[in-house]
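One-letter residues, chain by chain:
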Amino acid sequence: MPGIDECLLQAMRLPGAMGAAVVDWTSGLALGTIGDSPTNDHEATAAETAELARMAAEHPAFAPEEPVPGDEAAARELPVEDVIITTRTGYHILRFVETTFDSSVFLHLWLDRDQGNLALARLRLGDLAERLVLA
């Protein structure tokens, strides 16, 4: 079970990975970063991506149907697994991390568009998010 640093190192092993971060979308703070940042400022990028993640996770258009009363596990689940943004030069994947406690954390991976494999990165990032241990 990898911690934040190991998770980020594994993310950077993906083809085309240019930078990665673990971000708290409630506060907009980066809990860990590695590699480059699209804005050359990891903290600014974390705050900006947190806004996008928060909007996706809390917007009624993406919310599931009301959970069955008493189904506490379904009530804790985030309505969104990930957000993918494509630009002319890269891909950004925001993968939400589900935990047993009330979590508001996501992984942000920035990939070079020419060298990255979006499908592979999405699958591997999902695996990393499932195994990530937040201490």
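Structural data are supplied above this passage.
Residues numbered from 1 in each chain as written. Predicted model: local features only at pLDDT ≥ 70, side-chain atom pairs only at ≥ 80, totals over all residues. Heavy atoms only, no water.

Caption draft 1: Structural view of the overall build of the protein chain. When helices and strands are counted, the protein chain shows four helices and five strands. Going from the N terminus to the C terminus, the protein chain shows its helices and strands as α-β-β-α-α-β-β-β-α. Out of the 135 residues in the protein chain, the part that is buried amounts to 40%. Long-range contacts, defined as pairs at least 24 residues apart, comprise 52% of the intrachain contacts of the protein chain with a sequence gap of at least 6. (Helix = DSSP H or I, 4+ residues; strand = E, 2+ residues; numbered from the N terminus. Buried < 20%, exposed > 50% of the residue type's maximum accessible area, 1.4 Å probe, protein only. Contact = heavy atoms within 4.5 Å.)

Caption draft 2: How the structure looks around the side chain of Asp24. Along the chain, Asp24 turns up in strand β1 (residues 17-24). Buried and without a salt bridge, Asp24 has Arg54 as its closest oppositely charged side chain, separated by 6.6 Å. If we ignore the near neighbours within four places in the chain, the residues touching Asp24 are Leu29, Leu31, Ala50, Ser104 and Val105. (Lys, Arg positive; Asp, Glu negative; His and termini not counted. Salt bridge = Lys/Arg side-chain N within 4 Å of Asp/Glu carboxyl O.)

Caption draft 3: Up close: the packing of helix α1 (residues 4-12) against helix α4 (residues 118-131). Close contact between α1 and α4 brings their axes to 10 Å; oriented N to C, the two are set at 170°. In this view, α1 runs roughly antiparallel relative to α4, as classed from their interaxial angle. On the side of α1, the interface is formed by Cys7, Gln10 and Ala11, while α4 contributes Leu125, Leu128 and Arg131. Taken together, the residues of the contact of α1 with α4 break down into four nonpolar, one polar and one charged. (Axes fitted to C-alpha atoms, helices over the stretch in contact; angles between N-to-C directions. Parallel < 35°, antiparallel > 145°, perpendicular 65-115°, else oblique. Nonpolar A, V, L, I, M, F, W, Y, C, P; charged D, E, K, R; others polar.)

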